Amino acid sequence: MQPKEQIEAIANTLLPSFIPKNGQETTLSFHFTLPPNNNYKVFFEKDAKAKWQFIRFEEVER
């Protein structure tokens, strides 16, 4: 498993591609893979200033 800081940094880099078109959404999640086969699901919530904040991640078995 990768360190939390690395997962969060990658998730924040990928985030713009996953922001919902509906501005009313307050949560989002998405999956990504780090080679060779580490799969993660990350979770974000929109804060009071409408900024997406990383909440947590989980390793996903595939």
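Here, the structure is the one placed above.
Residues numbered from 1 in each chain as written. Predicted model: local features only at pLDDT ≥ 70, side-chain atom pairs only at ≥ 80, totals over all residues. Heavy atoms only, no water.

(A) Main features of the pairing of strand 1 (residues 27-34). Of the two faces of strand 1, the one holding Leu28, Phe30, Phe32 and Leu34 is buried and the one holding Thr27, Ser29, His31 and Thr33 is not buried anywhere. Of the pairings in the sheet, the one linking strand 1 to strand 2 (residues 38-46) comprises 8 bridges and is antiparallel in character. By the bridge assignment, threonine 27 is partnered in strand 2 with glutamate 45. Turn length for the strand 1-strand 2 hairpin, with the two strands adjacent in sequence and antiparallel, is 3 residues. (Buried < 20%, exposed > 50% of the residue type's maximum accessible area, 1.4 Å probe, protein only. Helix = DSSP H or I, 4+ residues; strand = E, 2+ residues; numbered from the N terminus. Pairing = 2+ DSSP bridges.)

(B) Main features of the sheet that holds strand 2. Read across the sheet, 3 strands follow the order 1-2-3 without closing on themselves; strand pairing throughout is antiparallel. Whereas interior strands pair on both sides, the edge strands pair on one side only; in this sheet they are strand 1 and strand 3 (52-60). Direction aside, neighbouring strands of the sheet carry axes that sit 25° apart on average. Of the strand pairs in this sheet, strand 2 and strand 3 are connected by 8 bridges, and their pairing is antiparallel. Each residue of the ladder has a partner; that of glutamate 45, found in strand 3, is glutamine 53. Against the sheet, helix 1 (residues 4-14) engages strand 1, strand 2 and strand 3, with an angle of about 110° to strand 1. (Axes fitted to C-alpha atoms, helices over the stretch in contact; angles between N-to-C directions. Contact = heavy atoms within 4.5 Å.)

(C) View of the pattern of salt bridges. Under the criterion given, the structure shown has 2 salt bridges. For glutamate 8, the salt bridge identified is with lysine 4, shortest N-O distance 3.0 Å. Remark: lysine 4 and glutamate 8 occur in helix 1; sequence separation between them is 4 residues, near one turn of the helix. Under the relative-accessibility criterion, lysine 4 is labelled partly exposed at 42%. (Salt bridge = Lys/Arg side-chain N within 4 Å of Asp/Glu carboxyl O.)

(D) Region of the structure containing the nonpolar core. In this structure, Ile7, Ala11, Leu15, Leu28, Phe30, Phe32, Leu34, Tyr40, Val42, Phe44, Trp52 and Phe54 together form the largest nonpolar core, which totals 12 residues. Those elements giving two or more residues to this core turn out to be helix 1, strand 1, strand 2 and strand 3. Ranked by the residues each element gives to this core, the list is headed by strand 1, at 4 residues. (Core = buried A, V, L, I, M, F, W, Y, C linked by side-chain atoms within 4.5 Å.)

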